[in-house]
Amino acid sequence: MWRRVASVSHLTFAQKSIVNKDVCKLKFWEAFSTGIPRKEKGTFQRDKTPFITFVLGGPGSGKGTQCMKIVENFGFTHLSAGDILRREIASNSADGTMILDTIKEGKIVPSELTVKLIQKEMESSDNYKFLIDGFPRSEDNRIAFEQIIGAEPDIVLFFDCPEDEMMKRVLNRNQGRVDDNIDTIKKRLKVFSALNLPVVKYYLERGKLYKINAVGTVDEIYKQVYPLFAQFNFEQQV
Ligand SMILES: Nc1ncnc2c1ncn2[C@@H]1O[C@H](COP(=O)(O)OP(=O)(O)OP(=O)(O)O)[C@@H](O)[C@H]1O
Ligand SMILES: Nc1ccn([C@@H]2O[C@H](COP(=O)(O)O)[C@@H](O)[C@H]2O)c(=O)n1
Ligand SMILES: [Mg+2]
């Protein structure tokens, strides 16, 4: 049965104090660059500090589905760590086989690899608003992101969903994923409980976490999500 980590059970909305977060106008990549080659001016207007949202939740909790709606309304770039890793497998890269075997086992790919793939996507984007979906999956992921990219998330969403509902959704997903089978889902749920929940607790304690009840229709769930982004007055998408 999916276990709620005790300190997670009373998860509450993050302090309103982050609502008026002053996003400093630092040239983000200059401030945090680890010698990453900067794109020439004009190919990407990095005059805005990236706004980073981590999207957490178990397998089938609805992260990707909700991210698509946030993209529609607020113009974020959706970076699904799982999709990025699946693209790496499809590219027949040197790491592809290892990644495939790891995903089949429901385990976590070495953090440095995942973070560098995410970094490449961020670097090649002309956006400053990022939804990083299914990341961080572990403390190791979180630390690697901070060390390699030198940034922390502005807000963290946590889609809280009971195990039986997640199981049902994943088994009905029919996207041909190698990890959408009963054996792998059980392993992924164990990994979620053991490794992902400590990350949820970490951001809760730092007042960055928004817990969303992920049971109900897609729209009912999105009704909880929309105001979390509307509060920042991002330019609304027409
Ligand atoms: N509120 C909902 N009610 C019922 N089904 C849903 C809901 N939200 C998403 N689904 C469906 O559940 C499945 C899993 O959703 P989604 O892929 O968004 O989850 P996820 O958290 O990204 O999962 P994973 O971590 O495995 O990628 C999809 O088939 C999706 O259409
Ligand atoms: N940070 C991450 C994210 C994902 N993985 C691996 O990919 C699988 C699928 O992820 P989804 O978010 O698409 O469900 C996941 O079960 C992991 O095996 C990872 O290693 N690190
Ligand atoms: Mg997903």
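Here is what the cut-offs are and how they apply
Residues numbered from 1 in each chain as written. Chains lettered and ligands numbered in written order. Predicted model: local features only at pLDDT ≥ 70, side-chain atom pairs only at ≥ 80, totals over all residues. Heavy atoms only, no water. UniProt positions renumbered as here; feature names shortened; annotations may be inferred. 1 Å grid on protein atoms, 1.4 Å probe; cavity = no way out; pocket = protein on both sides within 12 Å on 5 of 7 lines; lining within 4 Å. Helix = DSSP H or I, 4+ residues; strand = E, 2+ residues; numbered from the N terminus. Buried < 20%, exposed > 50% of the residue type's maximum accessible area, 1.4 Å probe, protein only. Contact = heavy atoms within 4.5 Å. Polar contact = N/O pair within 3.5 Å; in protein donor to acceptor, adjacent residues only side chain to side chain. Core = buried A, V, L, I, M, F, W, Y, C linked by side-chain atoms within 4.5 Å. Salt bridge = Lys/Arg side-chain N within 4 Å of Asp/Glu carboxyl O. Near = heavy atom within 4 Å. Sits in = over half its atoms within 2 Å of the grid points. Nonpolar A, V, L, I, M, F, W, Y, C, P; charged D, E, K, R; others polar.

Caption draft 1: Spotlight on the UniProt feature "binding site: a ribonucleoside 5'-phosphate" (unreviewed entry) in the protein. Within this numbering scheme, the UniProt entry marks R86, K107, I108, V109, G134, F135, P136, R137, R177 and R188 as carrying the feature "binding site: a ribonucleoside 5'-phosphate" (unreviewed entry). Lining of the largest pocket among the annotated residues: R86, K107, I108, V109, G134, F135, R137, R177 and R188. With respect to the helices and strands, the residue K107 is situated in the loop between α5 (96–104) and α6 (111–123). Judged by its relative accessible area of 54%, K107 falls in the exposed class. Those residues within four positions of R137 in sequence are excluded, and the remaining contacts are K63, I108, L195, N196 and V199. Within polar-contact distance, the side chain of R137 engages the backbone oxygen of G134 at 2.9 Å.

Caption draft 2: Structural context of the UniProt feature "binding site: ATP" (unreviewed entry) in the protein. Per the UniProt entry, the sites bearing "binding site: ATP" (unreviewed entry) are G60, S61, G62, K63, G64, T65, R173 and G216 in this numbering. Checked against the lining of the largest pocket, the annotated residues reduce to G60, S61, G62, K63, G64, T65, R173 and G216. Here T65 is to be found in helix α3 (residues 63–74). Checked against the element boundaries, G216 lands in the loop between β5 (209–213) and α10 (218–230). Other than its neighbours up to four places away in sequence, G216 contacts R169 and I221.

Caption draft 3: Expanded view of the nonpolar core. Counting 34 residues, the largest nonpolar core has F54, I118, M122, I132, F135 and F145 as its most contacted members. Residue assignment for this core shows that the elements contributing at least two residues are β1 (51–57), α4 (81–90), α5, α6, β3 (129–133), α7 (139–148), β4 (155–160) and α9 (182–205). Counting 27 residues, the second largest nonpolar core, distinct from the first, contains I70, F76, Y128 and L131.

Caption draft 4: Representation of the pattern of salt bridges. Scanning all chains against the criterion turns up 18 salt bridges. A salt bridge links R86 to D83, with the nearest nitrogen and oxygen atoms 2.7 Å apart. With R86 and D83 both in helix α4 and three residues apart, this pair spans about one turn of that helix. Judged by its relative accessible area of 25%, R86 falls in the partly exposed class. Residue class for D83 comes out partly exposed when judged on its relative accessible area of 33%. In this structure, K211 and D160 form a salt bridge, with 3.6 Å as the shortest nitrogen-oxygen distance. Here K211 is found in strand β5, whereas its partner D160 is found in strand β4, with 51 residues between them in sequence.

Caption draft 5: Up close: the site of ligand 2. In the vicinity of ligand 2 lie 15 residues, with R86, K107, V109, R137 and N141 positioned nearest. A distance of 3.0 Å is found between an oxygen atom of ligand 2 and a side-chain nitrogen or oxygen belonging to R137. Residue N141 places a side-chain N or O atom 3.0 Å away from a nitrogen atom belonging to ligand 2. Structurally, ligand 2 is housed in the largest pocket. No other element matches the four residues that α4 contributes to the shell around ligand 2. Its residues assigned to classes, the shell around ligand 2 shows six nonpolar, three polar and six charged.

Caption draft 6: A look at the environment of P59. Following the sequence through the fold, P59 ends up in the loop between β1 and α3. Residue P59 is classed as buried on the basis of its relative accessible area of 3%. Sequence separation between P59 and S193 is 134 residues, and the spatial gap between their C-alpha atoms is 11 Å. Filtering out sequence-adjacent residues up to four positions away, P59 remains in contact with M166, V170, R188, L189 and F192.

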